[in-house]
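# Descriptive analysis of the structure
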Amino acid sequence: MHFMNRRCAILPISDPELRCKLFDSLVLPILSYASEVWGVDEKIGDAAELLHRKFLRQDSTANVIVLAELGRFPLCFHWWRQILRYHNRINNLSDDECLIMCAFVESMQDPAHLIWSHKVHSWLQSQSVGFSIEDDIDVRTGIGNAKNHYAQTWHQNYLSSVVRYQLLQPEYVIAPYLSAVKGFKSQKPVSRLGCGCHGLRVDTGRLLPLAQQVPREQRHCVFCASGAAEDEHHFVFDCPAYCAIKNRFTNIFWGPAPTLSSFFTLHYSKVTTRFLRECFEHRNFLVAKQSGHTL
Ligand SMILES: [Zn+2]
């Protein structure tokens, strides 16, 4: 994975979709080696998933948002697909290969291997898919049900950062802004804002020691006198500190009542990215200026 990342940096390849495809072609087969035969040990599976998320994440984005932003699912879905396909492959072996088939059927009846078949059985049951050793398993339905269930659970996640992200991006698919603009540098400002890891006061306030934390709505903007919380909406639409920049980008604010969601989904473009980058740069300048005054 490190070698691949290094090659991506040299070439350079920063398109998240393409990088994910590379991960799936070069890294995932190693993480999944023989998983269809032996299943996946929970501890090893967790370690592999950790690596997967480490590959995807930037900054301090919450784990569940990292996956959702790219429309990806935990690796276990891939492993289950491999296991179910392996089962079907064995079932459809020709007579010449019946020895493998006999070994498989026998192993399914062997108490030492029952854990594997039991796991497959109960997993399929949890996805409402029937299971019989002799019949083919409907892999597409099984995996499809499991993914739908995961996406539904994601929509019921009440973690505040997830709820805010869902307002911007309600569907469990790759975020449109990642396809609208190419290049890590261009994607970074919007990704930061979308995932709530932007360094605005509502974000930095949650990282303070518990005793110093104040409620989100009281993490006021220190660059204007409005008394409003410095959140994503205030930063993009309301804060007068960025008026000069907004005046140069009026066309990205068109529409009767632009919301954060419409800003991120409907008309997202390179221009929007440029606007956000300039705002973040100006904010850095204001922070430096302010700390200079305090010193
Ligand atoms: Zn402000």
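Everything in this summary refers to the structure shown in the same document. (Residues numbered from 1 in each chain as written. Predicted model: local features only at pLDDT ≥ 70, side-chain atom pairs only at ≥ 80, totals over all residues.)

Let us look at the packing of helix 6 (residues 76-91) against helix 9 (residues 139-155). The interhelical angle for the contact between helix 6 and helix 9, taken along N-to-C directions, is 165 degrees, at an axis separation of 10 Å. Our classification of the angle between helix 6 and helix 9 gives roughly antiparallel. Handedness of the crossing formed by helix 6 with helix 9: right-handed. Residue-level inspection shows Phe77, Trp80, Arg81, Leu84, Arg85 and Asn88 of helix 6 in contact with helix 9, the latter providing Val139, Gly142, Ile143, Ala146 and Lys147. Of the residues contributing to the contact of helix 6 with helix 9, the split by class is 6 nonpolar, 2 polar and 3 charged. (Axes fitted to C-alpha atoms, helices over the stretch in contact; angles between N-to-C directions. Helix = DSSP H or I, 4+ residues; strand = E, 2+ residues; numbered from the N terminus. Parallel < 35°, antiparallel > 145°, perpendicular 65-115°, else oblique. Left-handed = near helix turned anticlockwise from the far one by under 90°. Contact = placed C-beta atoms within 7 Å. Nonpolar A, V, L, I, M, F, W, Y, C, P; charged D, E, K, R; others polar.)

Moving on: the nonpolar core. Judged by nonpolar contacts, the single largest core of 26 residues is most densely connected at Tyr165, Tyr177, Phe235, Cys239, Phe264, Leu276 and Cys279. Broken down by secondary-structure element, the contributors of at least two residues to this core are helix 5 (63-69), helix 10 (160-168), helix 11 (176-180), helix 12 (184-195), helix 14 (232-238), helix 16 (260-265) and helix 17 (270-294). When residues are assigned to domains, this core turns out to be shared by domain 1 (32-175) and domain 2 (177-290), each giving three or more. Ignoring any residue separated from it by four or fewer positions in sequence, one finds cysteine 239 in contact with Cys221, Phe223, Cys224 and His234. One finds Trp80, Ile83, Leu84 and Ala146 within the second-largest nonpolar core, a separate group that totals 7 residues. (Core = buried A, V, L, I, M, F, W, Y, C linked by C-beta atoms within 7 Å. Buried ≥ 20, exposed ≤ 12 C-beta atoms within 10 Å, placed from the backbone. Domains from an automatic or database assignment.)

Here the amide bond leading from leucine 11 into proline 12 is cis, since omega sits at -15 degrees, within 30 degrees of zero. Inspection of the secondary structure puts proline 12 in the loop between helix 1 (2-10) and helix 2 (16-31). The residue alanine 34 is not glycine, and still its phi comes out positive at about 60 degrees. Owing to 10 C-beta atoms within 10 Å, alanine 34 belongs among the exposed residues under this scheme.

The next subject is helix 6. End to end, helix 6 covers 23 Å across 16 residues, agreeing with the expected 22 Å (1.5 Å per residue, within 8%). Where helix 6 is concerned, the buried positions are Trp80, Ile83, Leu84 and His87. Looking straight down helix 6, one finds that the buried residues subtend no more than 90 degrees of arc, so they occupy a single side. (Expected span 1.5 Å × (residues − 1). Arc of directions from axis to C-beta.)

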